[in-house]
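Close look at the chain arrangement
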Amino acid sequence: MNRIAAALDFPCDLTVEFISHRFTPGSKSVLETWYPNTSLDMDEQSRAAKRNKFGGTKYVYRPDEMKALRSFFYTEWQHRFPDAPILYWT
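By convention here, each chain's residues receive numbers from 1 onward along its written sequence. Reporting of local features is limited, given that this is a predicted model, to residues whose pLDDT is at least 70; pairs of side-chain atoms are given and counted only at 80 or more, and all residues count toward the totals for whole chains, interfaces and linings. Calculated side-chain values reflect all of the structure's heavy atoms, with hydrogen atoms and water omitted.

1. Section: a nonpolar patch on the surface
Put simply, the test is: Candidates for patches are residues over 30% relative accessible area with no salt bridge; among them, like charges are joined within 9 Å and nonpolar side chains (Val, Leu, Ile, Met, Phe, Trp, Tyr) within 5 Å. Every accessible area reported is derived by Shrake-Rupley at a probe size of 1.4 Å, with residue values counting cover from the shown protein chains alone. Counted as salt bridges are all cases of a side-chain nitrogen of Lys or Arg within 4 Å of a carboxyl oxygen of Asp or Glu. In this text, helices come from DSSP runs of H or I with a minimum length of four residues, and strands from runs of E with a minimum of two, each type numbered from the N-terminal end. The buried label goes to any residue with under 20% of its type's maximum accessible area, the exposed label to any with over 50%, and the partly exposed label to all in between, with areas taken from a 1.4 Å probe on protein chains only.
Taken together, I19, L87 and Y88 make up a surface patch of nonpolar side chains, about 300 Å² in accessible area. Residue placement: I19 occurs in the loop between β1 (16-18) and α2 (25-34). Residue class for I19 comes out exposed when judged on its relative accessible area of 54%.

Shown next, in the form of structure tokens:
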């Protein structure tokens, strides 16, 4: 966020949306093909499974991790950009 703050060191109309990493079995397969040496954690066992209304499954961070991530990003963003609203977190 320091790099963003340095690059935006002028008056501007700014908002942000924070979207955490999530994946489905299909997207995991594609990502592993495109980025075979990725260090991104895509272990279903370390994630929480969420089901959508159509029966699909996506893997998201566990609730305690999501809470810590949200707290970190909200605090850091508001410290650097107090006048730039956070539209949502997911």
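2. Notes on the pairing of strand β2 (residues 48-51)
Rules: Pairing between two strands is assigned when DSSP locates at least 2 bridges connecting them.
Here β2 runs beside strand β3 (residues 57-60); their pairing, made up of 4 bridges, is antiparallel. Looking across to β3, one finds that A48 is bridged to V60.

3. Comments concerning the packing of aromatic side chains
Here is the rule we go by: Two rings from Phe, Tyr or Trp (for Trp, the six-membered ring) form a pair when their centres sit within 6.5 Å of each other. Planes less than 30 degrees apart are called stacked, planes more than 60 degrees apart edge-to-face, and all others tilted. Charge-over-ring placement is defined geometrically: NZ (Lys) or CZ (Arg) within 6 Å of the ring centre, and within 35 degrees of the ring normal.
Enumeration according to the criterion identifies 9 aromatic pairs in this entry. Relative to F73, the ring of F72 has its centre 5.1 Å away and its plane inclined at 85°; by these criteria the two rings are edge-to-face. For F72, a relative accessible area of 45% gives the class partly exposed. For F73, a relative accessible area of 28% puts it in the partly exposed group. Aromatic side chains W77 and F81 sit 4.3 Å apart centroid to centroid with 35° between the ring planes, which places their arrangement in the tilted category. What makes W77 buried here is its relative accessible area of 4%. Pairwise contacts between aromatic rings join F18, F72, F73, Y74, W77, F81 and W89 into one cluster. Geometry around Y61 places R47 over its ring, the cationic atom sitting 4.0 Å from the centre. Above the plane of the ring of Y74 lies R70, whose end atom (NZ or CZ) is 4.7 Å from the centre.

4. Considerations on the environment of W77
Stated precisely, the cut-off is as follows: Contacts between residues were defined by any pair of non-hydrogen atoms, one from each residue, lying within 4.5 Å.
Topologically, W77 is positioned in helix α3 (residues 63-80). C-alpha separation for the pair W77 and K28, spaced 49 residues apart in sequence, amounts to 29 Å. With sequence-adjacent residues up to four places away left out, W77 is seen in contact with M1, L14, V16, F18, P82, A84 and I86.

5. As for a negative patch on the surface
Rules: Working convention for charge: Lys and Arg count positive, Asp and Glu count negative, and His plus the chain ends are omitted. Each charge is placed at NZ for Lys, CZ for Arg, CG for Asp and CD for Glu.
Where like charges cluster on the molecular surface, the negative patch consists of D41, D43, D64 and E65. Following the sequence through the fold, D64 ends up in helix α3. A relative accessible area of 58% places D64 in the exposed class.

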